[in-house]
Amino acid sequence: MTSSHSSSINGDRKIRYAVVGLGWFAQEAAMPAFAEAENSELVALVSDDSTKLKELSQKYGINHTYSYEEYEDCLTSGEVDAVYIALPNHRHCEYTVRAAKQAIHVLCEKPMAVTEDECEQMIQACNDNDVKLAIAYRLHLEPANMQAVEIVRSGKIGEPRIFNSVFTQQVTEEGNIRLRDVTGGGTLDDIGIYCINAARYLFQDEPIEVYAAAANKGEQRFAEVEEMSSAILRFPDERLATFTVSFGAAKVSTYQIVGTQGDLRVDPAYAWHGELKHYLTIDGETQEQSFPPHSQLAAEFIYFSDCILNNTDPEPSGMEGLNDVRIIRALYQSIEQGQPVPLEPLDYHQRPTKDNAIQRPANPERPDLVNAASPGGSKL
């Protein structure tokens, strides 16, 4: 699919979305983005928080609101074509399968689910009911990351040998779902997935063995999940990817891919808003490139709506989501066993490219949040 992303064959038809789960990210990043997604329309909200439903429906002029108990009513209302699922990880499977059974398309936040089995159920349900399933890998549409893919593929840095990433932040908000085991929290599921996914799209391959270690100095907030974890992923042709992720360290979001003739560092790399930057070094000479802020979520809604309108298969597919969950589960197995875990070879060749990239103006300003806080505990 090209970057023009034209839906002209369908005239002005818009895909109508329900946002399911109204936490921090849904409110701050996703809902405001519909204003820049010309083929998409936010028509319904699903939450058990009546204050959120009331205030957010008024703010966005939304007529249809539902509790989780009323989710089936939302799906069968005839008002909704697709759901954007922004629920805690352990609820992704159930809410995806239920939507698929009512012939509603699904854009589901990552990680796709907590277990491989859940991912497979989601893929099966969407296939059986002929609906589109995309996992919300916003960076597959993001120009800085897709340009990084192109630089590596071009051979400018020689043969890519090493990937290394640090992705850290302070998660201080008590009771945050990222700090709870029951909701599928933890560093690997929440932020490690970005490092894993980036290594896969930059190496254009799947890891064959993983090894990981976790550390936790015993703060109360880390009673249920690890404070931080480090991983080594071995790829075919003897390439190595390493990363460290933490919920107890200062904010860092960077990766570097090192080849036989040069390296590319992206810093920040994974942010959902603001400027992203490249530092490309070849023969000791470094070039910097800046990528201006834009609405990554608007890009995501545009892309998924286009797939529905033009009956094309989304690139961040259910298989893409399953692959990362499979790797995450193997990493936790390695932490428990204290040894490397081999992965079955995968015949998987679907990769994001620069042709996917979509840019729309950045969300105008940070909205006031209703009964939600960012992971760091502040209202911003």
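Model, not experiment: these values are computed from the prediction.

A. Just the pattern of salt bridges, in detail. Within the structure shown, the criterion is met by 23 salt bridges. We note a salt bridge from Asp81 to Arg13, for which the minimum N-O separation is 3.8 Å. Of the two residues, Asp81 sits in the loop between helix H3 (71–75) and strand E4 (82–85) while Arg13 sits in the segment before strand E1 (15–20), which places them 68 residues apart along the sequence. For the salt bridge of Asp324 with Arg200, the shortest nitrogen-to-oxygen distance reads 2.9 Å. With Asp324 in helix H9 (residues 318–337) and Arg200 in helix H7 (residues 187–203), this residue pair connects regions lying 124 residues apart in the sequence. Here Asp324 falls in the buried class, since its relative accessible area comes to 0%. A single network of salt bridges, built from pairs that share partners, joins Arg200, Glu206, Glu320, Asp324 and Arg351.

B. Quick peek at the UniProt feature "domain: GFO/IDH/MocA-like oxidoreductase" (unreviewed entry) in the protein chain. In the UniProt entry, the feature "domain: GFO/IDH/MocA-like oxidoreductase" (unreviewed entry) is given for residues 147–264. In the segment residues 147–264, helix accounts for 21% and strand for 42%; the C-alpha atoms at its two ends are 11 Å apart.

C. Here's a closer look at the environment of Arg265. As for its placement among the helices and strands, Arg265 is situated in strand E12 (residues 262–266). Setting aside residues up to four positions removed in sequence, Arg265 forms contacts with Thr254, Tyr255, Gln256, Lys277, His278 and Tyr279. Looking at Arg265, its side chain comes within polar contact range of the side chain of Asp267, at 3.1 Å.

D. Just the sheet that holds strand E9 (residues 228–235), in detail. Read from one edge of the open sheet, nine strands run E14-E13-E12-E11-E7-E10-E9-E8-E15, paired in mixed fashion. The sheet terminates laterally at strand E14 (285–291) and strand E15 (341–342), the two strands that pair on one side only. Here strand E13 (residues 276–282) pairs with E14 via seven bridges, running antiparallel. Bridge pairing in E14 places Thr281 opposite Thr286. Of the strands in this sheet, strand E7 (160–170), strand E11 (248–259), E12, E13 and E14 touch helix H6 (residues 143–154), which is tilted by about 15 degrees from E13. Packed onto the sheet, H9 meets strand E8 (209–215), E9, strand E10 (239–246) and E15 and runs at close to 60 degrees relative to E8.

Rules and cut-offs
Residues numbered from 1 in each chain as written. Predicted model: local features only at pLDDT ≥ 70, side-chain atom pairs only at ≥ 80, totals over all residues. Heavy atoms only, no water. Salt bridge = Lys/Arg side-chain N within 4 Å of Asp/Glu carboxyl O. Helix = DSSP H or I, 4+ residues; strand = E, 2+ residues; numbered from the N terminus. Buried < 20%, exposed > 50% of the residue type's maximum accessible area, 1.4 Å probe, protein only. UniProt positions renumbered as here; feature names shortened; annotations may be inferred. Contact = heavy atoms within 4.5 Å. Polar contact = N/O pair within 3.5 Å; in protein donor to acceptor, adjacent residues only side chain to side chain. Pairing = 2+ DSSP bridges. Axes fitted to C-alpha atoms, helices over the stretch in contact; angles between N-to-C directions.

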